[in-house]
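Report on the structure
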Amino acid sequence: MSLWVILPVSLPVFVISGIWVVYAMALYNQHVCPVNNWLYNQSCELPLHLQTDPVLCCTLDNVPLISKCGALPPESCLFSLICSTGSFMVMLIGLLRYAHVIDKHQNCVLNTAGLSTGWMCAAGLIMVGNFQVDYAKVLHYVGAGVAFPTSMLFVCLQSALSYRLARTHTDYHVAHMRLALTLLAFVSLVLSGVFFVQESFVLQHASAIFEWIFAIIIMVFYGSFVFELGGVSSDTLMVLARGGGGGGGKGDSGLSVIENKTPMLHGEPMRFQLSPEGVAIL
């Protein structure tokens, strides 16, 4: 098994645990309200971080959205690190998945589109992590507007690609699992977006919860690539060295193509023997 299998395992572990640490830091510093809090007010006498009462007065500025949890220092520093590192890992997994499909099967539109949407998602994630919503709202929302739809499109394309390339029972089980995760992610994203634009405090809080669910599902989906990346070999990396060309077989090389073109005579390969004079002429 290839050591690249560590990558799809470490990505969800690193990102999911990291954003929960960010949430814990924001909660400790009273920058957001707890997830189990459903009571909000139009305004409060004191900002949340200055309140000392056991029962906190929360406004919509304190809804525990993932971006809100990482909006203020010191948790914003960790949030930026998680998003930047996670985006790099997303790009690497997408590239290895792209090369693996070419190496073991053949390139197709789904494969190329999957690579493109995965990298677009990574670019949006970098913007989300490095432009905090409280200080660069426009750029932050542009990044979120890129990251969320493209991540949803990525899992849709990869689910379709999994069914197209499935050959064994294990392949179909993995495809079924990815389809289930895709459906859950789609429902979570739609509900999060619909509730986010509502004025109701309860629906705003529900939007934050569905956003967390969506992010976790997407990370789990990336973790499912452990089945493919465990088979990454030097031939897979050679696909990247060739610029994505070739493929269409189990590591076929150009040498085998040359051997197949050996001249035949009466069904037997022709053998040429050169005399010393012929060698001198050559």
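Located above this text is the structure these notes cover.
Residues numbered from 1 in each chain as written. Predicted model: local features only at pLDDT ≥ 70, side-chain atom pairs only at ≥ 80, totals over all residues. Heavy atoms only, no water.

**What about unusual backbone geometry?**
We count it as follows: Counting from the N terminus, the helices are the DSSP runs of H or I reaching at least four residues and the strands are the DSSP runs of E reaching at least two.
Look at the link from Pro-73 to Pro-74: it is a cis peptide, with omega at 10 degrees. Tracing the backbone through its elements, the reader meets Pro-74 in the loop between helix H2 (66-69) and helix H3 (75-104). Phi is positive for Gln-30, close to 55 degrees, though the residue is something other than glycine. Position of Gln-30 relative to the elements: it lies in the loop between helix H1 (6-28) and H2.

**What about the side chain of Ser-151?**
Stated precisely, the cut-off is as follows: Summary of the burial criterion: residues with accessible area below 20% of their type's maximum are buried, those above 50% are exposed, and those between are partly exposed, where the area comes from a 1.4 Å probe applied to protein chains only. Think of a polar contact as two N or O atoms within 3.5 Å of one another; within protein, one of them needs to be a possible hydrogen donor and the other a possible acceptor, and neighboring residues in sequence only count if both atoms come from side chains. Any two residues whose heavy atoms approach within 4.5 Å at even a single point are treated as in contact.
Mapping Ser-151 onto the fold places it in helix H5 (residues 137-165). Under the relative-accessibility criterion, Ser-151 is labelled buried at 4%. One polar contact links the side chain of Ser-151 to the main-chain carbonyl oxygen of Ala-147, over a distance of 2.9 Å. Residues in contact with Ser-151, not counting those within four places in the same chain, are Cys-121, Phe-214 and Ile-218.

**Examining the nonpolar core**
Let me state the cut-off plainly: By nonpolar core we mean a set of buried residues, namely Ala, Val, Leu, Ile, Met, Phe, Trp, Tyr and Cys, connected to one another through side-chain atoms within 4.5 Å.
Core analysis: the largest hydrophobic core is formed by 36 residues, its most contacted members being Leu-11, Cys-69, Ile-218, Met-219, Tyr-222 and Phe-225. Per element, the largest residue contribution to this core is eight residues, and it comes from H1. Filtering out sequence-adjacent residues up to four positions away, Cys-69 remains in contact with Val-22, Tyr-23, Ala-26, Val-32, Pro-64, Glu-75 and Trp-212. Core analysis: the next-biggest nonpolar cluster, separate from the first, contains seven residues, Cys-33, Cys-58, Val-63 and Leu-65 among them.

**As for a nonpolar patch on the surface**
In plain terms, the rule: Only residues above 30% relative accessible area that lack a salt bridge enter a patch, with like-charged residues linked at up to 9 Å and the nonpolar side chains Val, Leu, Ile, Met, Phe, Trp and Tyr linked at up to 5 Å. Per-residue and other accessible areas were derived by the Shrake-Rupley procedure at a 1.4 Å probe size, with only the shown protein chains allowed to occlude residues. A pair is scored as a salt bridge if a Lys or Arg side-chain nitrogen falls within 4 Å of a carboxyl oxygen belonging to Asp or Glu.
A cluster of nonpolar residues, Phe-186, Val-187, Val-190 and Val-194, forms a patch on the protein surface that exposes about 330 Å² of accessible area. Structurally, Val-194 is set in helix H6 (residues 169-196). Look at Val-194 and you get partly exposed, because its relative accessible area is 42%.

**Let's talk about the packing of aromatic side chains**
This is how the line gets drawn: Any two of the Phe, Tyr and Trp rings considered here, Trp counted by its six-membered ring, make a pair once their centres fall within 6.5 Å; the pair's planes then place it as stacked at under 30 degrees, edge-to-face at over 60, or tilted in between.
Taken as a whole and judged by the stated rule, the model has ten aromatic pairs. Judged by centre distance (5.9 Å) and plane angle (75 degrees), the rings of Tyr-23 and Trp-212 are edge-to-face. Placement of the pair is Tyr-23 in helix H1 and Trp-212 in helix H7 (residues 201-223), with a sequence separation of 189 residues. Both residues of the pair, Tyr-23 and Trp-212, belong to the buried class. Plain terms: the ring middles of Phe-195 and Phe-210 are 6.0 Å apart, the flat faces sit at 50 degrees to each other, and that makes the pair tilted. Of this pair, Phe-195 sits in helix H6 while Phe-210 sits in helix H7, and the two are 15 residues apart along the sequence.

**Some thoughts on the pattern of salt bridges**
Under the definition given, this model contains four salt bridges. Between Lys-104 and Asp-103 there is a salt bridge, with the nearest N and O atoms lying 3.8 Å from each other. For Asp-103, a relative accessible area of 3% puts it in the buried group. Glu-228 is paired through a salt bridge with Arg-178; the nearest N and O atoms lie 2.7 Å apart. With a gap of 50 residues between them, Glu-228 in helix H8 (residues 226-229) and Arg-178 in helix H6 connect regions that are remote in the sequence. In terms of burial, Glu-228 and Arg-178 fall into one category: buried. Taken together, the shared-partner salt bridges connect Arg-97, Arg-178 and Glu-228 into one network.

**As for the layout of surface pockets**
Quick note on the threshold: We place a 1 Å grid over just the protein atoms. Points where a 1.4 Å probe fits but has no way out form a cavity, open points with protein on both sides within 12 Å along at least 5 of 7 lines form a pocket, and any residue with an atom within 4 Å of a point lines it. Grid points are joined across faces, edges and corners, and a volume is the space filled by probe spheres set on the points. Following the grouping adopted for this structure description, the nonpolar residues are Ala, Val, Leu, Ile, Met, Phe, Trp, Tyr, Cys and Pro, the charged ones are Asp, Glu, Lys and Arg, and the polar ones are all others, Gly among them.
By volume, the largest pocket is sized at about 550 Å³. What lines the largest pocket is a set of 23 residues, among which Leu-65, Ser-67, Tyr-141, Phe-196 and Glu-211 lie closest to the centre. Residue assignment for the lining of the largest pocket shows that the elements contributing at least two residues are H2, H5, H6 and H7. Here the lining of the largest pocket gets six residues from one element, more than from any other, and that element is H5. For the lining of the largest pocket, the per-class residue count stands at eleven nonpolar, seven polar and five charged. Contributing to the lining of the second largest pocket are 17 residues, with His-100, His-105, Leu-165, Asp-171 and Glu-228 lying nearest its centre. Breaking the lining of the second largest pocket down by element, the ones donating at least two residues are H3, H5, H6 and H8. Broken down by element, the lining of the second largest pocket gets its largest block of residues, five residues, from H6. Residues of the lining of the second largest pocket, tallied by class, amount to six nonpolar, four polar and seven charged.

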